[in-house]
Structures are given as structure tokens and as C-alpha cells.
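Results of the structural survey
One letter stands for each residue in the lines below.
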Amino acid sequence: MRRIQQRLTALVVACSLGGLTLSGALAWSWWRIDHDVKEASENSLVLKDLSRLTERTAQWLLITDLILDSGFGLLLEPAEQEAEELEELAFQLATTRLGSLEKNALARVGESIAIIHRTIETSTILTGPEREQQMDKLVSKVDRQAGVLIESLDKVWASLDSQASAATMAFSERRGMLEFWGLTLAVSYLALVALMWQWVAVTTTQPLLALAHAAREASVTGRPLRLREHGPQEVRELTRSVSTLVNNLESANLEMESKVRERTAELERANRAKSEFLANMSHEIRTPMSAILGYAEILRDPDQEPSDRDNSVEIIRRNGEHLLSVINDILYISKVEAGRMTVRRVLCSPADIVTEIGSLMKVRADGKNLSLSIEGEGRIPETILSDPMRLRQILVNLIGNAIKFTESGGVRLVLSLEESAGEEPKLHFETIDTGIGMTAEEQASIFEPFFQALPRDSPRRGGTGLGLAISRRLAGMLGGTLTVQSNRGAGSRFTLTVGTGSLAGVRMIELGLVELDKSRRDAVHGKRQGGLRGKILLAEDGRDTRNLLAMHLRKAGLEVSTAENGRIAVDKASAALGNGEPFDLILMDMQMPEMNGYEATESLRNSGYDKPIVALTAYAMSQEKAKCLSVGCDDFATKPIDRNTLIEIASRYARSRELVPDSL
């Protein structure tokens, strides 16, 4: 770029110098011509005055001849006055810018006029007989002086005429010189400008134009940009830079096109997966709903055998639980995708969690004649800092899938601890089964939402295909990962790792092989049948739901009062408190006519009611829980609520003869 600037600077300087030279030459020539014009003008004025002097002198000489020849005295006074004026005019001409020759001649003219003037004056005073003789002498003297005067005027005329001719010739010469040099300088200046411009164009402009033309042609035709490096160093560097930029843009464009194709393929896969999901959800929702409605109709048959009735009830229960699982999965993935899923890390016992899960899942494993074992490898912490509910959710999903896709053999859950210097310890949960396994392609997609490895017509196919996607994201929120290793026909190994938090001061235990049986579950079931006592107000506008929940609570030994809307609930709670027999717990539906649960709870709290109120709502989002707690509720439960969860909530607040453990 510096060389281009130097070339352009040289062009500007050369043109400027040429212009200054031309301007100076023309100005000098013009000054000379102007000087000559002024001289010619002055000479013209002198010639004009000289002509007037000559004309008047000739007239004056005629007058003097008349005076001398005829003695015409009347003309004497005008002749004297004219002589004085002619002397003065001759003197003025002698003082102008003339040469010495002209000045001397004019001086003699003035002297001759003065002599003639005096001679005429002398002639006027002559008298007597000698006057004729003296007049002849005077006339002869005047004639001589007149000759001198005329000769002097002729010399002045000749000199001035010669000077005028010389000035005219000089003016012509200078004008011709001005025209010649003006034309020469103008042509030279234009030639210099043309040469300089051609030089700059060849060395700078043409390479730049070629670069622009090549770029424009490449943009129009789409062909690769081919540039020839020529011109000054800066232009060659610019050409290389443009070539590099274009190549980078082409590479970026190709990469962008590749990414667009990949993204399009991903979107197409996602659309296919969602279409498959909708079709699957239609199947998963309609199938249990058909069973529920069908067997509910069968229960209305009064002639049905008790065993068939029990079978219908079990089928309705099982399909209802499946339908609830489908709905929960959809809600969970919605919360995860929206970033609203939260974890709450508290101290919990991993041994108790896996023992509880094993006891619950053993019934399902026994139903398929599969073995289910839980064991620990090495020492594990007695407690960890984690979210027990989310951990249970992941393990139930993993063990449930393992049982679902295993037809023979069994399922193992193995716990182990991984400790690395400078990192948070990790607790490993490995779910190992002897099921059908997966291909590499299936393993690559198994954690994607809506993915199901089995074909639609597989007898083992079922569920939403969201469980593993939810589990992997929950694992990440718990500070760990969820991975899989599998081979088709050789079973699968799912490895869940979760962060434990600091283990400083935590006792380490040997878990060994965990014994799983149903005794604990059966004991709890017995406690639920009439093991609680207390008064509960159930506010629920749905008649069937209200009767169902009231029946479960009464079977647990509780005294239940019901309300169809929030206003009735407020009146009953206030009346019971005023009678000194307040309710131990109010189960408050949040969506009711006349006065909803939010308004009813807020009204009770504002009136000083301090007994427990638990919200019941079909909205399962985290912001709903916060809203319920903000109006004064003590706890939050989502509908549909199963009997176990309902009794567990009641046991937390009602007086009990034999408390039900909180872990159930």
C-alpha cells in the first residue's frame, strides 16, 4: 500500500509542478505583453501631443509670416499667446518618458519658438528709414528658426515612428512566443498527465480492476475464483489475501452446507421420532383406557364370580398405573426440556434406597421367574448427599427395563465407590441383565427422547420411550452419568454414577448381598388397614374422586368429613376450630367452584387457622408447588394420588397408634 501511495503522490506532484511551470511561463509572457501595451499606449499619447504641437506650430508660423510680411498688428497678441502655449507644450513633451534625442529636439523646438516670438516682438517696435532693412534681417532669422523647428519636429517624428515600429514588431514577436510556449506547455502538461496516469493504471489500477472483475465473475457464475498475482507488491498481497478469504468462505460455506444437511437430517429424525411418539402414545393411552373401561363394564354384571371380579379389579388397577406412568413420563420430559426439573440434595442412605427398591421390584421379577439380586463391591458410604427421590426414579426405571427385556436368567444391581484425587467421589450403580441386549445403532440412540429399540409389533414393546432420556438427564443433575454397554443377545449393563458430596467423617460399610423379601411390604399393608386415628377434612369437587379418597382414609382408621367447594371447606374448618375440635389435617383441592383452594387456604390463614393444610392438584409443575406453599399450604401432592401416597401423607399429620415409616 505504501508503494501505491508513493505512485499516486508522484503523479500529483508531477502534475502540480507541470501546472506551476505552465502558469509561471504564461504569467511572465502576459506581463511582458502588458508592459509593451502600456508603452505603446504612452507612445500613442506622446504622438498625439506631438501631432497637435506640429499642427499648431504650422498655424502659428503662418500667423507670424502674416505679421512680418504685412505688419498685421491685430494678430500680434494672439500670436504671442499661441507662442507661449506652444513653448509650454514643447516643454511638457520634453518631460515625458522619451529618449535623449527626442528631448533635445523638443528643447530646440521650444528655443526656436521662443526666438521667433522675440523676433516678432522686436519687429513691432522698428521705426524709421532702416526699418525695411532690419525687417529683412528679422524675417531671415525667423525663417532659419522655423527651419530648425521643422527639422527638430521631423527628428522627433522619425524617432517616435521608428520606436513605434520596433514596439509593434516586439509585440508581435512576444505574442507569437506566448502562443507557442502556451501551446507547447499545455501539450507537454497533458502528455505528462497521460504518461503518469498510464503508469499508475498499468502498475496499480489494472491489477485492481482485474481483481474486481474476477471476483464479480466468480460471484455470478459460481465458479472458483482464479486470480493472477501481478502489479505492485501491495496489489499482489491484496490478491493473495482475497484468494485466502474466498477460499476460507468457500470452506465455511461447504461446512455450513454440511451442518445444514446434518441439522436437517436431525430435524427429520426428530420429526419422525415425534410422529412415532404420538402414534405410540395413542397406543399406550388407548390400550389401558380400553381395558379400564371394558373391565369396569364387566364389574357391573351382578352375576360375575368373585374370582372374575377380583381379576377385573386387578386389571383395572394395573392399567390405571400404566396410564399414570405414561402421563408422568410426559410431564417429566416436559419439565426437563423446559429446565424446570430441580434436585434437592439431602443426606440419604444408598443401602436403604436399594433395599427398598429391591423389595418393590422383586414381585415383578418373581412374576417372570427371574432372579433379582442387589450387592455391594467393596466399601460404600453409609450416607451420601443426593436427591433420594430422583435416585429412586432412575433405579426403578433401570431395573424395570432390565426385568421387562429379560426372559430368562436374572437382574443384578451392583454398588461400588469410585474415588479420584481432586474430584468428587462417585457412587456406581450397575444394572446387569441377561436379556435381549442391543446393537451398536440402538445403543447410540437409546437415550434420545421417544426412542424405542423394539419394533412396534414386538410383544415386549411398551411405555413412552422417555424413561432413559429422563434418567440420563437426572443423572447429570445428580453430578454423574448414565451409560450402557450391550451386545445383541448377550444382555445389557447400564452404569449409573452419582456424586456423593464430601465423604469426610462418613462411615464406610460393607453392603454385601442384600436380602430381599416381602415381609416389610406386607407389614406396612396391615398397618394401613385401620392403623391411624384422627379427623380429616377432604375438600374435593369431584364426587368420584372425593368418595374414593374418603374410602381409603376411613379404611386407615381416620374420621373423614367432606366439602364440595372451598367455601364449604372454610365454613366447616372454622366451625370445628370454634367448637374446640379442629381437624388434624385438611386435604385441599386447589381447583374448585365458588371458592378455589388458593382462596380457601388464604382465607383460613388470614383468620388465624394454624392446622396443617395439604394441597391436592392435577398440575404437576414446580411453579404450582411454589404457588400452593405461598398461599399457606404445608405440603403438596399431585393427582391422581394412589392409596399408599395418600396414607403416607395422612400419617405425617394425623395421630397414629402405630406410625407408618416415612420411606414408604
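Structure shown above.
Heads up: these notes are all about the structure in this document. Being a predicted model, the structure only gives us computed values, none of them experimental.

Procedures and definitions
- Residues numbered from 1 in each chain as written.
- Predicted model: local features only at pLDDT ≥ 70, side-chain atom pairs only at ≥ 80, totals over all residues.
- Heavy atoms only, no water.
- Helix = DSSP H or I, 4+ residues; strand = E, 2+ residues; numbered from the N terminus.
- Buried < 20%, exposed > 50% of the residue type's maximum accessible area, 1.4 Å probe, protein only.
- Contact = heavy atoms within 4.5 Å.
- Pairing = 2+ DSSP bridges.
- Right-handed = clockwise from strand over helix to strand, strands pointing away.
- Core = buried A, V, L, I, M, F, W, Y, C linked by side-chain atoms within 4.5 Å.
- Phe/Tyr/Trp six-rings, centres within 6.5 Å; stacked < 30°, edge-to-face > 60°.
- Lys NZ or Arg CZ within 6 Å of the ring centre and 35° of its normal.
- Axes fitted to C-alpha atoms, helices over the stretch in contact; angles between N-to-C directions.
- Parallel < 35°, antiparallel > 145°, perpendicular 65-115°, else oblique.
- Left-handed = near helix turned anticlockwise from the far one by under 90°.
- Nonpolar A, V, L, I, M, F, W, Y, C, P; charged D, E, K, R; others polar.

Concerning the environment of Gly 376
- You can see Gly 376 is positioned in strand β2 (residues 371-376).
- By relative accessible area, which is 17% here, Gly 376 ends up buried.
- Placed 52 residues apart in sequence, Gly 376 and His 428 show a C-alpha to C-alpha distance of 9.9 Å.
- If we skip the residues at most four places from it in the chain, Gly 376 touches Leu 415, Leu 511 and Gly 512.

Some points on the pairing of strand β7 (residues 481-486)
- Only one face of β7 is covered, namely the face carrying Leu 482, Val 484 and Ser 486; the face carrying Thr 481, Thr 483 and Gln 485 is uncovered.
- Judged from the six bridges that link them, β7 and strand β8 (residues 492-499) form a sheet pairing that is antiparallel. Within β8, the residue paired with Gln 485 across the bridge is Arg 493.
- Following β7, the chain reverses through five residues before pairing antiparallel with β8; Gly 489 in that reversal takes a positive phi of roughly 85°.

Considerations on the pairing of strand β11 (residues 535-539)
- For β11, a buried count of five out of five residues is recorded, marking the element as mostly surrounded by other parts of the structure.
- Direction of pairing for β11 relative to strand β12 (residues 559-563): parallel, over a ladder of five bridges. Within β12, the residue paired with Leu 537 across the bridge is Ser 561.
- In terms of handedness, the path from β11 via helix α12 (residues 543-555) over to β12 forms a crossover that is right-handed.

Focus on the environment of Ile 536
- Position of Ile 536 relative to the elements: it lies in strand β11.
- Along the sequence, Ile 536 and Pro 582 sit 46 residues apart, while their C-alpha atoms lie 9.1 Å from each other.
- Ile 536 has contacts with Leu 553, Leu 558, Glu 559, Val 560, Ser 561, Phe 583, Leu 585, Leu 587 and Ala 650, leaving out every residue within four places of it along the chain.

Regarding the nonpolar core
- Grouped together as the largest cluster of nonpolar side chains are 42 residues, with contacts concentrated most on Leu 395, Leu 413, Leu 415, Phe 429 and Leu 496.
- Counting only elements with at least two residues in this core, the list comes to α7 (350-367), β2, α8 (388-404), β5 (410-418), β6 (426-433), α10 (467-477), β7 and β8.
- Ranked by residues supplied to this core, first place goes to α8 with seven residues.
- Residues contacting Leu 415, with those up to four places away along its chain left out, are Pro 350, Val 354, Ile 374, Glu 375, Gly 376, Glu 377, Ile 380, His 428, Phe 429 and Leu 511.
- Leu 537, Met 588, Tyr 598 and Phe 636 belong to the second largest nonpolar core, which has 23 residues in total.

Quick word on the packing of aromatic side chains
- On inspection of all chains with the given rule, the structure shows one aromatic pair.
- Ring plane angle 85° and centroid distance 6.3 Å describe the contact between Phe 447 and Phe 494, whose orientation is recorded as edge-to-face. Of this pair, Phe 447 sits in the loop between α9 (440-445) and α10 while Phe 494 sits in strand β8, and the two are 47 residues apart along the sequence. By the burial criterion, Phe 447 is buried, and Phe 494 matches it.
- Its end group placed over the ring of Phe 447, Arg 472 keeps NZ or CZ at 3.8 Å from the ring centre.
- Looking at Lys 627, its charged tip hangs above the ring of Tyr 598, at a distance of 4.4 Å from the centre.

Some thoughts on the packing of helix α13 (residues 566-578) against helix α14 (residues 597-606)
- Two numbers describe how α13 lies on α14: the axes approach to 9 Å, and their chain directions differ by 25°. In terms of axis orientation, α13 runs roughly parallel to α14. By crossing handedness, the relation of α13 to α14 is classed as right-handed. Together, Gly 566, Val 570, Ala 573 and Ser 574 of α13 and Ala 600, Ser 603 and Leu 604 of α14 make up the contact between the two elements.
- Taken together, the residues of the contact of α13 with α14 break down into four nonpolar, three polar and no charged.

Some remarks on the sheet that holds strand β14 (residues 613-617)
- Within the open sheet, the five strands sit side by side as β12-β11-β13-β14-β15. Their pairing is parallel. The two strands at the open ends of the sheet, each matched to only one other strand, are β12 and β15 (635-638). Each strand of the sheet is rotated relative to its neighbour by a mean of 20°, with strand direction disregarded.

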